Number of protein chains: 4
Amino acid sequence: MTLLSPEPRGLLTGARYLAELDDGRELYLDGQRIGNPAEHPAFRPAAEELGRLLDLQHQPEHRELLTFKDPDTGLRLARAYQPPTTLEELRVQRRSAEFWHAEALGQQGRSPAFMASIAVGVHDFRHRLGAADPRFGANAEAWYRHCAQNDLVLSHALGDPQIDRSANPLDDPDLALRVLSENENGIVVRGAKQLTTLAPLAHEVLVYLSASFTQGRAEQFVVWFALPLNTPGLITLAREPLGTAPWGHGHPLGARYDEQDAMLFFDDVLVPWDRVFLLRDADLARRGLARINAWSAYVGHIRYRERLRTLLATATLLAESIGVSQFRNIQEDLGRLAGYAELTEYFLDAAENRGALTDAGLFAPGDTFASRVWSAEVAGDAVEIVRRIGASGLLMQPSPGDLANPRLRPHLDRYMRGRDIDVEAKSRLFRLAWELTGDGFGQRQDLYEYVHRGDLARNRITVFHRYDQSATRARLLALLDDPAANVQEART
Amino acid sequence: MTLLSPEPRGLLTGARYLAELDDGRELYLDGQRIGNPAEHPAFRPAAEELGRLLDLQHQPEHRELLTFKDPDTGLRLARAYQPPTTLEELRVQRRSAEFWHAEALGQQGRSPAFMASIAVGVHDFRHRLGAADPRFGANAEAWYRHCAQNDLVLSHALGDPQIDRSANPLDDPDLALRVLSENENGIVVRGAKQLTTLAPLAHEVLVYLSASFTQGRAEQFVVWFALPLNTPGLITLAREPLGTAPWGHGHPLGARYDEQDAMLFFDDVLVPWDRVFLLRDADLARRGLARINAWSAYVGHIRYRERLRTLLATATLLAESIGVSQFRNIQEDLGRLAGYAELTEYFLDAAENRGALTDAGLFAPGDTFASRVWSAEVAGDAVEIVRRIGASGLLMQPSPGDLANPRLRPHLDRYMRGRDIDVEAKSRLFRLAWELTGDGFGQRQDLYEYVHRGDLARNRITVFHRYDQSATRARLLALLDDPAANVQEART
Amino acid sequence: MTLLSPEPRGLLTGARYLAELDDGRELYLDGQRIGNPAEHPAFRPAAEELGRLLDLQHQPEHRELLTFKDPDTGLRLARAYQPPTTLEELRVQRRSAEFWHAEALGQQGRSPAFMASIAVGVHDFRHRLGAADPRFGANAEAWYRHCAQNDLVLSHALGDPQIDRSANPLDDPDLALRVLSENENGIVVRGAKQLTTLAPLAHEVLVYLSASFTQGRAEQFVVWFALPLNTPGLITLAREPLGTAPWGHGHPLGARYDEQDAMLFFDDVLVPWDRVFLLRDADLARRGLARINAWSAYVGHIRYRERLRTLLATATLLAESIGVSQFRNIQEDLGRLAGYAELTEYFLDAAENRGALTDAGLFAPGDTFASRVWSAEVAGDAVEIVRRIGASGLLMQPSPGDLANPRLRPHLDRYMRGRDIDVEAKSRLFRLAWELTGDGFGQRQDLYEYVHRGDLARNRITVFHRYDQSATRARLLALLDDPAANVQEART
Amino acid sequence: MTLLSPEPRGLLTGARYLAELDDGRELYLDGQRIGNPAEHPAFRPAAEELGRLLDLQHQPEHRELLTFKDPDTGLRLARAYQPPTTLEELRVQRRSAEFWHAEALGQQGRSPAFMASIAVGVHDFRHRLGAADPRFGANAEAWYRHCAQNDLVLSHALGDPQIDRSANPLDDPDLALRVLSENENGIVVRGAKQLTTLAPLAHEVLVYLSASFTQGRAEQFVVWFALPLNTPGLITLAREPLGTAPWGHGHPLGARYDEQDAMLFFDDVLVPWDRVFLLRDADLARRGLARINAWSAYVGHIRYRERLRTLLATATLLAESIGVSQFRNIQEDLGRLAGYAELTEYFLDAAENRGALTDAGLFAPGDTFASRVWSAEVAGDAVEIVRRIGASGLLMQPSPGDLANPRLRPHLDRYMRGRDIDVEAKSRLFRLAWELTGDGFGQRQDLYEYVHRGDLARNRITVFHRYDQSATRARLLALLDDPAANVQEART
């Protein structure tokens, strides 16, 4: 087992995490090879915020919630890596994830907790993988344990490159990542993955989905595996950083939570055999998708709820700060936003109520796929409510430099204050709202809500196909067979 | 106890129900006093359909689900009248209500099961009513037992007359039902109630809500009581019947499910003391509202889900019948409709997951108030999807008379058939769809979804006020106090 | 010229119109052959209302606006039949159509004025028809003059039968009306037309459109012709009447304006050669569509504006009558509705501003196709605003019978009045609003707005294909070729 | 006349414009006093782009369209400053403005042409101003001539500071700019103006609107005047620049078109008497608003149409570049966007058709106020369509630095190309789309569409109040007085 460490290192600390990022990965930004992302201004703040959150696991007051004792090793591991076996254990997972995402204001789509829950899904699915090939089942389990026992920060690579959505990868193999060859050491893969969130800041990446194999049957595109980001031949290209700014106008939210997205290029990368979990079995891959994502869908809703709560609290503070919070139309808008947060909580509750044991003995939250469509539908409106309330004030706020200028300051105090709030506090509030909803960072967050749940039209069609109409349909057809049965229609 | 029968009659049969409607009530339609609604063409079909459903309780295959054995009397009573004490018992209630509303295609907003669950709420709240006045608690309990043990069909009267929404009942007492006087026999009430659904077909009406007392403090408007519909001085004015039609074009759905709505006029009606449950205590009344409706809100969602399923199955059948069910935009619309039905199920699941014991020892579903707002928001769209798919075919379908005409028939067979469906079946299907969504009956059903959940804007504002933002707000304020804490902003 | 009357009869009167409907046409309702629609309760009120409007042409105060002097015959003819040759003449047409549609509250989609403007379009297009076959040009012109000089009430038949939208008429010829054969007397057509509005009350029907020939190239489906409704073999099947009602609750609006829709069956109908305008030339037919409808599209907007104004005035009266017209959210809704009416007026103004002379010398309003999409998009919302304001009051209003009952009347006076309006006036107002928006008639009117403009998705795509992007596209491509031209990007 | 130059300088060149910005104005950015905006990286690119556009006036091929010969001075002046006296002249203005805004891709909300048309409005209104005080009329006219003859770049200051929307300036005078005192030299004003777009790059600012005086009657807030931006005591505080970026990812659109917004602080500024146009006359000020903005509203629509066309062409290019332009749902979305652009053109046409001569003899476009509401309503959706089509590609595109890296380049060529487009062109296209819709610049542009037309709810209410319902209302009331007149309701 070439890539798995022999000795588990246990729970991460912030310091260890930052140190481990310096692993020689081939990472580029704006054409420059980045030596160590943890020391580069475009990545450092987000890495440090991740480190801060990881350190919370070690604080005595949070340890019980955020960690558990691994029965095998006796180590304390991150709660998100614990496979729940009862509803109660699932609810502990929920509270743990709520804590994390509340700390991060719902801004981290690919939080370690989210990805750990996919590793739990892989663990749960190991028997099925093993039924196809015993090595694959063992590989999956070994990888899960490796991740859990070393508290790894993971990412996953999903979408195919956005080259030509009307073309077929059988005609143009660049369109999807593919298995080029295999040898005694492993398989060689070539291709690219679009927009792998958090890749510059993760230890490993899990590859398991391609639109190409869910649609077609070309087995060369069907493969599940995981690799460290410093694997030779694996190139990470970061997008333009959105949490940095040239002037002195603060962007602390973006700096902390720009989790980055990256293209991954697989330049004929060797995936060792012990990192392969599935090969060429499209049916198994399709069935596995819903299974391994059962817990992450639940964690995703927890994260989304915190995002909605952040938008709601921000909108409410904005409204109060400019004296409009008593207006009925503003309250109605805030009520719509509060309703979004509340409905998201209902979906979590429903997932628990529908939960059941898997064939591997884990307690999985029930499927609430239709809520995914709903989430994508309302995401833009939630942002829009904040923007409408903040309006022009989102753009026009003094910077710390402005506030420090004695010629300007009296005017700022007088004309840029709000209702019961001074200019310093108000300007910080509005700039936070602008970051959340308006500038590049905020718009990337909004776009993420739209794209990461998959194509909206396709998901709606899936909801239709999944819905069991048989009982209602039978009743209607019976009624149509004899519409007047038992009813004497009233005529006059 | 003047109005309560000494001997419980147990489960209703259809025949007994129809006979009991002939109780001398003062019911008017189009200016005519109606002697017995069960024998009048405008009411008979809906009464008979109710009777048919009540008879199902007696069928051996449904008895276990639809009834329970009353521990006090040993009688079998309707399941909806059983006070659940555990989650499991609540889920039995759910299955029972699902059965009823599936039979009625989600068309009966005021089904006996819905109203029975409010009686259960009154039973649950009896101790609080009794704390204000011991007689009231005892009255409430006696009334619940009377209803349950005689399987009464109930209605409730909510809205104030729609006279002048900007006026105050303190200035114009006609605006709300009020207590005029009291004497040794009871209290005398005067006024009116708007749109009491099912009143012409119910045994009794429960009066417990007025916008006037939830807003103001005028104690003369605060009263809870229940009365038989044949109480002297209580006048029931039915609206225009919507399930009847002058021509031979079938309207079987409307005929069956036009549950009627009526104005109630209280012409100085004496309410005997043993029918009074609350008097002049506005705070208690306000607190009681959510409590006594906990189960009915849950049953209301069950009913709504069946309505949505009926709309979905109808839309799907329409699409298949004219060869459009494979079009992606149609499938996307059907997916939106299926999503509405699915989300409604999540809300039911959430209510179970949030359920808890009341102080009276009953297991109450958790509150999902925000889903009420959502339900009203999507109701019109659900109907619109069916209408858009059916389009002009909703209007133009042959009647039985047309089909029977030998000159017309060959043309109907040829040009008014559909895809894999003959003209007879297709015309019945489209006419059902028209009844569901287009004609007076269908539009009344749609309007009901919009109005019976209360004013949408006010409900949104309520969601805002109820939402606990404190944790997120505190986190944001801490961040705003020191935006740069732990973050070294990236500048270049 | 077999079917054209030798002697022009000039302007219709109501009496002559009603008499002329008794022409032996083969009209069915509910399986019964209707002898004379003008004497049948399902058709009489709408026919009489049409007659009343036709009589206005003869009133001295309206004659100048509603009629013009035909230069050929010296007869006064209906203004709508006048071919405008200048912008000023077009504006007179507009005022004339505004007068008519205001009188009819925007409820007559197929008003005589609307159809006359299509006859004007045929007149305008006669040279092109004649270029294909000189007889066809002459036929078209003779038919236009016949219609104009006898003031005929016309209909047109558009949609194919709604049998199977995924099938092809080449595989199943019943799917579209087709030319079966031709002989020395004319052509023989077989098939059906879906939902020909006003057919039971019109003199003639113009047939000129089929989805089949705009998509495919099968020339047997390509034909333009016009026929009297009493042509042998032409069967008219009326749909269920929506303006009649069994109880005493008034439906005067529906009675007046249920213009009826009907299936037409062509049972191997001989179309005389002098009634054929186009045959087998799909390209010409396609090009002709926009041309002959130039004026009717304009008149259609005039009608729609009056409908929107009727909805607006009704909503405002409703709001005033129940004391909500000062609420800001109600005013905002009324403002949206007023905006719809106002924008429709802008589209009319734009059509005038874009107007130009045709190659036949007529002044045609400019095309505003995109406004057709907009109109269909907002139609449902306009109705919804009225319904939301009226709410439960739309359902619950006393009938004349109720008002006449002395036991009920005091209660109606007290509890069913409104703000500054007594119960009689209020109940009439709310019942009008219910007819407009809620009952079968109102829903048919709403559905008409949605379906008569053609498929919404297809129309949107047409807007895209028609839009000339070339200039903007060229500018963008130039910019993309050299994004930094003339700009020194600011870096810090 | 202290501030007006004695000798007209005629048409601006880019070079003269850049030079004139160096006028000693008190401009701040991030706490720093900016000496000359034309030489500062945050302002230079936008100033140079303005200069480039101004230079087009001098090119022989555009001179005829973009300039006119001033009859008084014989100078050629900018077309936008020409007061149109006929519809034809107005249409020349339109073509001229279309040229400018097409060049600027619809990104300059406060283009010189837009503001010049307000100066024309002041010129048109001079007689009314003069009727109140002859000096004011003369001042207005002199100022208009000064601006026109020197081709000044203007801004205007509208909104009050966003301090407390529920408070009243009578209680807290800081809430609105006010006249503090007057003396023989002029009036002294104190206060601030929110978000004066283009102020850092304009010669002068026109002040004429405050929500305070349109609502209340406090005459100290009622004043119209104009001042150069370098007037002593007038402080301009620029917001955070949005067209600059720290990394090498190009932002050429933002650099060019970030027209800046600024707070203006009036630190007891003396406005010379000859710059005062109106004082304390709230009624006149209110009436003047619509008048002086008649032309600018028209120019604003021209600009908006170009923005919509830019969004449409961008969306179409995006769709083509990734192979989705043939998908029906994409074409439907593009059709909605094309419809927005098309409707905007109809509004321009309508304004021409409704145009009329003012009492000062100018030809003014007709009012299309309701289209302003529509414009704000659809603005966000137009942006959203582009974002949905671009999706994740908006975020992930290589920078010039990435493209220049030989290790990366082969992978970029292979995996980041599009359909028939190489990676260089595709990445420039997507980055343009991101600038337009996603990053800080694009979001500011979108927010501008929402806020600069005024509060949406208030505007809707204004549409309602302005709409003349009298004719429809009278007709409905007549019908309600006698619903059965001329109609024999059909009963069966």
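Conventions used here
Residues numbered from 1 in each chain as written. Chains lettered and ligands numbered in written order. Predicted model: local features only at pLDDT ≥ 70, side-chain atom pairs only at ≥ 80, totals over all residues. Heavy atoms only, no water. Helix = DSSP H or I, 4+ residues; strand = E, 2+ residues; numbered from the N terminus. Rg over C-alpha atoms; globule rule 2.2 N^0.38 Å. Buried < 20%, exposed > 50% of the residue type's maximum accessible area, 1.4 Å probe, protein only. Contact = heavy atoms within 4.5 Å. Areas by Shrake-Rupley, 256 points an atom, 1.4 Å probe, with all protein chains shown as cover. Lys, Arg positive; Asp, Glu negative; His and termini not counted. Charge placed at Lys NZ, Arg CZ, Asp CG, Glu CD. Salt bridge = Lys/Arg side-chain N within 4 Å of Asp/Glu carboxyl O. UniProt positions renumbered as here; feature names shortened; annotations may be inferred. Phe/Tyr/Trp six-rings, centres within 6.5 Å; stacked < 30°, edge-to-face > 60°. Lys NZ or Arg CZ within 6 Å of the ring centre and 35° of its normal. Domains from an automatic or database assignment. Buried area = accessible area lost by both parts, 1.4 Å probe. Polar contact = N/O pair within 3.5 Å; in protein donor to acceptor, adjacent residues only side chain to side chain. Least-squares fit on C-alpha atoms with pLDDT ≥ 70 in both. Pairing = 2+ DSSP bridges. Axes fitted to C-alpha atoms, helices over the stretch in contact; angles between N-to-C directions. Nonpolar A, V, L, I, M, F, W, Y, C, P; charged D, E, K, R; others polar. Parallel < 35°, antiparallel > 145°, perpendicular 65-115°, else oblique. Left-handed = near helix turned anticlockwise from the far one by under 90°.

Asks: Hey, could you go over the overall build of chain A for me, with residue numbers and the actual values?
Replies: Looking only at helices and strands, one finds 19 helices and 14 strands in chain A. Relative to a compact globule of 492 residues, whose C-alpha radius of gyration would be 23 Å, chain A shows 25 Å and is just as compact. Seen through its principal axes, chain A has C-alpha atoms that stretch 90 × 75 × 50 Å. Put simply, chain A has 492 residues, and 69% of those count as buried. In chain A, the proportion of contacts linking residues at least 24 apart, taken out of those at least 6 apart, comes to 76%. Working note: accessible area of chain A is about 15300 Å², and carbon and sulfur atoms make up 50% of it. Each charge class in chain A was averaged separately, 56 positive and 67 negative side chains, and the resulting centres sit 3 Å apart.

Asks: Residue-level account of the pattern of salt bridges, with values.
Replies: Counted under the stated rule, the structure contains 220 salt bridges over all chains. Residues Arg460 of chain A and Glu332 of chain B are paired through a salt bridge, measuring 2.4 Å at the closest nitrogen-oxygen approach. With Arg460 of chain A in helix α18 (residues 456-466) and Glu332 of chain B in helix α12 (residues 328-353), the pair connects residues from two separate chains. Here the two residues Arg460 of chain A and Glu332 of chain B agree in accessibility, since each one is buried. The partner of Glu259 of chain D in a salt bridge is Arg444 of chain D, with the nearest N and O atoms 3.5 Å apart. Residue Glu259 of chain D is located in the loop between α9 (252-257) and β11 (261-272), and its partner Arg444 of chain D is located in helix α17 (residues 440-451); the two are separated by 185 residues in the primary sequence. Judged on exposure class, the residue Glu259 of chain D and its partner Arg444 of chain D are both buried.

Asks: How would you summarise the UniProt feature "binding site: FAD" (unreviewed entry) in chain A if you had to cite specific residues and measurements?
Replies: Residue and element names in this part refer to chain A. Under the UniProt annotation, the feature "binding site: FAD" (unreviewed entry) is placed at His156, Ala157, Leu158, Gln162, Ile163, Asp164, Arg165, Thr197, Asp455, Leu456, Ala457 and Arg458. Sequence-wise these annotated residues cover 303 residues; spatially they are dispersed, their C-alpha atoms as much as 23.3 Å apart. Owing to a relative accessible area of 12%, Leu456 belongs among the buried residues under this scheme. Take Arg458: it is sitting in helix α18.

Asks: With reference to specific residues and values, describe the environment of Tyr346 of chain B.
Replies: Along the chain, Tyr346 of chain B turns up in helix α12. For Tyr346 of chain B, a relative accessible area of 0% translates into the label buried. In the structure, Tyr346 of chain B is positioned 25 residues away from Ser371 of chain B in sequence and 10.0 Å away in space, judged by C-alpha atoms. Residues within four places of Tyr346 of chain B in sequence aside, it is in contact with Tyr346, Phe347, Ala350, Arg354, Asp367, Thr368, Phe369, Ala370 and Ser371 of chain A.

Asks: Which residues make up the packing of aromatic side chains, and what values do they have?
Replies: Within the structure shown, the criterion is met by 38 aromatic pairs over all chains. Considering the side-chain rings of Tyr346 of chain A and Phe347 of chain B, the 5.9 Å spacing of their centres and the 80 degrees angle between planes classify their relative orientation as edge-to-face. Within this pair, whereas Tyr346 of chain A is found in helix α12 (residues 328-353), its partner Phe347 of chain B is found in helix α12, the two belonging to separate chains. Of the residues examined, Phe347 of chain B reaches a relative accessible area of 0% and is grouped as buried. Look at Phe347 of chain B and Trp374 of chain B: their rings are 5.2 Å apart centre to centre, the planes differ by 75 degrees, and that puts the pair in the edge-to-face class. Within this pair, whereas Phe347 of chain B is found in helix α12, its partner Trp374 of chain B is found in helix α13 (residues 369-390), the two being separated by 27 residues in sequence. In this structure, Phe347 of chain B and Trp374 of chain B share a single accessibility class: buried. Through pairs of rings, three or more aromatic residues link up here, namely Tyr340, Tyr346, Phe347 and Trp374 of chain A together with Tyr340, Tyr346, Phe347 and Trp374 of chain B. Of note, Arg135 of chain B hangs over the ring of Trp273 of chain B, and the distance from its end group to the ring centre comes to 4.9 Å.

Asks: Give me the domain arrangement of chain A: which residues, what numbers.
Replies: Residues and elements named next belong to chain A. According to the domain assignment, chain A consists of domain 1 (14-289) and domain 2 (293-467). Distance from the C-alpha centre of domain 1 to the C-alpha centre of domain 2: 25 Å. In this complex, domain 1 contributes 46 residues to the contact, which on the side of domain 2 involves 39 residues. Carbon and sulfur atoms supply 57% of the area that domain 1 and domain 2 bury against each other, a total of about 3600 Å² over both sides. Area buried by domain 1 at its contact with domain 2 is led by Leu90, Arg94 and Asp124, which between them contribute 18% of it. Counting the contacts that link domain 1 with domain 2 gives seven salt bridges. The partner of Arg91 in a salt bridge is Glu352, and the shortest N-O contact between them spans 2.9 Å. For the pair domain 1 and domain 2, the interface holds 22 residue pairs in polar contact (both at pLDDT 80 or more). Taken together, the elements giving at least two residues each to the side of domain 1 that touches domain 2 come down to α4 (87-103), α5 (112-124), α6 (126-132) and α9 (252-257).

Asks: Tell me about the relation of the copies chain B and chain C, residues and numbers included.
Replies: Placing chain B over chain C gives an RMSD of 0.1 Å and needs a rotation angle of 180 degrees, together with 0.0 Å of translation along the axis. These values place the two chain copies in the arrangement generated by a two-fold rotation axis. Of all interface residues in chain B, 100% are interface residues in chain C too; the two copies therefore contact each other through one and the same surface.

Asks: Lay out the sheet that holds strand β8 (residues 204-207) of chain C in plain terms, naming residues and giving numbers.
Replies: All names here are of chain C. An order of β5-β8-β9-β12 is seen for the four strands of this open sheet, with the pairing classed as mixed. Looking along the sheet, the strands with just one partner apiece sit at the ends: β5 (154-157) and β12 (276-279). Recorded for the sheet is a direction-independent mean angle of 20 degrees between the axes of neighbouring strands. Sheet topology note: the β5/β8 ladder contains four bridges and is parallel. Its bridge partner lying in β8, Ala157 is registered against Val207. Of the strands in this sheet, β9 (223-228) and β12 touch helix α10 (residues 282-292), which is tilted by about 55 degrees from β9.

Asks: Lay out the interface of chain B and chain C in plain terms, naming residues and giving numbers.
Replies: Listed per partner, the contact involves 86 residues of chain B and 86 residues of chain C. For the chain B and chain C pair, buried surface summed over both sides reaches about 7300 Å², with 59% attributable to carbon and sulfur atoms. Counting the contacts that link chain B with chain C gives 16 salt bridges. Ionic pairing is found between Arg414 of chain B and Asp174 of chain C, a salt bridge with its closest N-O pair at 3.5 Å. At seven residues, helix α17 (residues 440-451) of chain B tops the list of elements feeding residues into the side of chain B that touches chain C. When its residues are assigned to classes, the side of chain B that touches chain C shows 36 nonpolar, 27 polar and 23 charged.

Asks: Requested: an account of the side chain of Gln149 of chain B, with residues and values cited.
Replies: Residues and elements named next belong to chain B. Here Gln149 lies in helix α7 (residues 134-150). Classification of Gln149 by relative accessible area gives buried; the value is 12%. Non-local contacts of Gln149, meaning those with residues more than four positions away in its chain, are made with Pro8, Arg9, Gly10, Asp70, Thr73, Leu75 and Leu77.

Asks: Lay out unusual backbone geometry with the relevant residues and their values.
Replies: We note that Leu195 of chain B has phi near 55 degrees; this positive angle belongs to a residue other than glycine. Examined against the element boundaries, Leu195 of chain B turns out to sit in strand β7 (residues 186-197). Since its relative accessible area comes to 15%, Leu195 of chain B is described here as buried. In this structure, Leu198 of chain D is a non-glycine residue whose phi angle is positive, near 75 degrees.

Asks: Help me get a handle on the packing of helix α5 (residues 112-124) of chain B against α7 of chain B, residues and values and all.
Replies: Residues and elements named next belong to chain B. For the pair α5 and α7, the least separation of the axes is 8 Å and the interaxial angle reads 150 degrees. On the basis of the axis angle, α5 is roughly antiparallel to α7. Here the hand of the crossing between α5 and α7 comes out left-handed. Here Ala119, Val120, Val122 and His123 of α5 come into contact with α7, specifically with Ala140, Glu141, Trp143 and Tyr144. Here the residues of the contact of α5 with α7 sort into six nonpolar, one polar and one charged.

Asks: I'd like a rundown of the pairing of β9 of chain C, residues and numbers included.
Replies: Residue and element names in this part refer to chain C. Within β9, six of the six residues are buried, leaving the element largely enclosed by the surrounding structure. The alternating pattern of β9 places Val223, Phe225 and Leu227 and Trp224, Ala226 and Pro228 on opposite faces, both of which are buried. Bridge count for β9 against β12 is three bridges, and the pairing is antiparallel. Bridge pairing in β12 links Val223 to Leu279.

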